[in-house]
Amino acid sequence: MGGQRARFLTTFDATVYYMIYSMASGLPTPPSFRCEKLSKAGMRISEKDELAMRFVRGILVALGEKMRDDRLDGDRFKANILKLMVGKIIKKAQESEPNLARVTYEGIERINRLQERKAAVLDLLDAYGETMADSLRCIGEVPKKYEELQKAIAAWTFYVDILCDYDEDVKTNKFNPLKQDDSPTLEVLFNNEYAMLFELNRTVCGRVVDALNATKNQSTEWYAIRGILTHAMVSVVPDILEGKDVKFKYFRELTKNMRAMKKSRKRFDEADRYVQRTTGEERKNGKGEKGGESD
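Residues numbered from 1 in each chain as written. Predicted model: local features only at pLDDT ≥ 70, side-chain atom pairs only at ≥ 80, totals over all residues. Heavy atoms only, no water.

Engineer: With reference to specific residues and values, describe the packing of aromatic side chains.
Structural biologist: All told, the structure shown has six aromatic pairs when counted by the stated rule. Between Phe190 and Tyr194 the ring centres are 5.3 Å apart and the planes differ by 75 degrees, which places this aromatic pair in the edge-to-face class. Residue classification places Tyr194 among the partly exposed positions, given a relative accessible area of 45%. Taking 6.1 Å as the distance between ring centres and 25 degrees as the angle between the ring planes, the aromatic pair formed by Tyr194 and Phe198 counts as stacked. Of this pair, Tyr194 and Phe198 both sit in helix H10 (residues 194–214), four residues apart, which is roughly one turn of that helix. What links up through ring pairs into an aromatic cluster is the set Tyr18, Tyr21 and Phe55. (Phe/Tyr/Trp six-rings, centres within 6.5 Å; stacked < 30°, edge-to-face > 60°. Buried < 20%, exposed > 50% of the residue type's maximum accessible area, 1.4 Å probe, protein only. Helix = DSSP H or I, 4+ residues; strand = E, 2+ residues; numbered from the N terminus.)

Engineer: So what's going on with the pattern of salt bridges? Which residues, and what values?
Structural biologist: Side chains that carry opposite charge are capable of pairing whenever their charged atoms lie near each other. Taken as a whole and judged by the stated rule, the model has 14 salt bridges. The closest approach of N and O atoms between Arg57 and Glu97, which form a salt bridge, is 3.2 Å. Of this pair, Arg57 sits in helix H4 (residues 50–72) while Glu97 sits in the loop between helix H5 (76–96) and helix H6 (98–116), and the two are 40 residues apart along the sequence. Here Arg57 and Glu97 have matching classes, each one buried. Arg102 is the partner of Glu106 in a salt bridge, and the nearest nitrogen-oxygen pair spans 3.3 Å. Linking Glu106 with Arg102, this pair stays in helix H6, spanning four residues, or about one helical turn. (Salt bridge = Lys/Arg side-chain N within 4 Å of Asp/Glu carboxyl O.)

Engineer: So what's going on with the nonpolar core? Which residues, and what values?
Structural biologist: Tyr17, Trp156, Tyr159 and Leu178 are the most contacted members of the largest nonpolar core, which totals 66 residues. When neighbours within four sequence positions are excluded, Tyr17 is seen to be in contact with Phe55, Ile59, Met132, Leu136, Gln150, Ile153 and Ala154. (Core = buried A, V, L, I, M, F, W, Y, C linked by side-chain atoms within 4.5 Å. Contact = heavy atoms within 4.5 Å.)

Engineer: Give a description of helix H8 (residues 144–171) that names residues and reports values.
Structural biologist: Under the 1.5 Å per step criterion, the end-to-end length of H8 is 40 Å for 28 residues, consistent within 8% with the ideal 40 Å. By the largest-angle criterion, Asp165 marks the main kink of H8, which is about 55 degrees. Across the 28 residues that make up H8, a large majority, 20, are buried. Positive backbone phi, at 60 degrees, marks Asn173, one or two positions downstream of H8. (Expected span 1.5 Å × (residues − 1). Bend = angle between axes of the 7 residues up to and from the residue.)

Engineer: Give me the side chain of Ser183: which residues, what numbers.
Structural biologist: Locating Ser183 in the fold gives a position in the loop between H8 and helix H9 (186–192). Residue Ser183 is classed as buried on the basis of its relative accessible area, which comes to 0%. A polar contact of 3.3 Å, which involves the side chain of Ser183, links it to the side chain of Asp182. Aside from chain neighbours lying at most four places away, what touches Ser183 is Tyr166, Val170, Val188, Leu189 and Asn192. (Polar contact = N/O pair within 3.5 Å; in protein donor to acceptor, adjacent residues only side chain to side chain.)

Engineer: Which residues make up the packing of H8 against H10, and what values do they have?
Structural biologist: Here H8 crosses H10 at 155 degrees, and the two axes come no closer than 8 Å. Classed by the angle they form, the pair H8 and H10 counts as roughly antiparallel. As H8 runs across H10, the sense of the crossing is left-handed. Residues Lys145, Glu148, Leu149, Ala152, Ile153, Ala155, Trp156, Tyr159 and Leu163 of H8 form the contact with H10, whose own contacting residues are Leu197, Leu200, Asn201, Val204, Cys205, Arg207, Val208, Ala211, Leu212 and Ala214. Split by residue class, the contact of H8 with H10 holds 15 nonpolar, one polar and three charged. (Axes fitted to C-alpha atoms, helices over the stretch in contact; angles between N-to-C directions. Parallel < 35°, antiparallel > 145°, perpendicular 65-115°, else oblique. Left-handed = near helix turned anticlockwise from the far one by under 90°. Nonpolar A, V, L, I, M, F, W, Y, C, P; charged D, E, K, R; others polar.)

Engineer: Describe unusual backbone geometry, with residues and values.
Structural biologist: The backbone of Lys118 shows a phi angle near 55 degrees, a positive value even though the residue is not glycine. With respect to the helices, strands and loops of the structure, Lys118 is situated in the loop between H6 and helix H7 (121–137). Here the phi dihedral of Asn173 falls at roughly 60 degrees; this positive angle occurs in a residue that is not glycine. Turning to its location among the elements, Asn173 is positioned in the loop between H8 and H9.

Engineer: A description of the packing of H7 against H8 should follow, citing residues and the corresponding values.
Structural biologist: When two helices pack together, you describe them by how their axes are tilted relative to each other and by the distance separating the axes. Taken N-terminus to C-terminus, the directions of H7 and H8 make an angle of 130 degrees; their axes are 8 Å apart at the nearest point. With respect to H8, the axis of H7 lies oblique. Remark: the crossing between H7 and H8 carries right-handed chirality. Where H7 approaches H8, its residues Val121, Leu124, Leu125, Tyr128, Gly129, Glu130, Met132, Ala133, Leu136 and Arg137 are matched on the opposing element by Glu147, Gln150, Lys151, Ala154, Ala155, Phe158, Tyr159 and Ile162. Residues that form the contact of H7 with H8 fall into these classes: 12 nonpolar, two polar and four charged.

Engineer: I'd like to hear about the side chain of Lys151, residue by residue, with values.
Structural biologist: By the secondary structure assignment, Lys151 is in helix H8. Overall, the relative accessible area of 14% leaves Lys151 in the buried class. With residues up to four places along the chain from it excluded, the contact list for Lys151 reads Gly129, Glu130 and Ala133.

The structure is reproduced here in structure tokens:
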């Protein structure tokens, strides 16, 4: 989520979908995967958790389909760069999850056919959400309300990619469901079609909020997912429309905020322990008790 590269590097998406599965299935809270880069250190966090690795493989398979699409669209340079970076682990993921790879391939083919027919943007977002839910079902089924959350998150991710890719798609004459002849850049499109973009954003984000609220509970996973999605929805799209680079922005800010919260909590705990310790010592010495001195 949050732009092409953030999505390409897979591990944060895998964590979110794993947390949804964990929340739906009552599993222990999953580990926190690295989101900034796909490294051996990041993969080692989850390599002993086979279920976690299946979610990582699922996102890698989706990345493989994106690379295939880039080659078909003539963007061999990007596809070749990505192949050098992650080609081997994508192939391994496809071999380890053949059913998931097949379902993902079929879903992407449906999306490609919709693009060829120049389908409306919401139809494409729905198709992408359905494809992600179908792929994740190969890993493990969840009740319908959690599947709706998977679909809404996947659709939002695809929506962000459409916005991020707009300028490049216009420049290279690729399909983009938002493309307008009189809008060569996203900035111009925003000025010309403000009402349309506002309504689209309201619809896509509204679906995420509705799906999130439908799954509300007191679990750690739910509050973590709410924090991630809320932070993403209020910061990523506005920054894209302002022409800012959002590839890692909200990940960095979220990490920074979480560290600040942990630091504050640590200081609070230290202060609380100090108060308890000193209060205990005063009571032990006979000070601070009700009724003052004894007769």
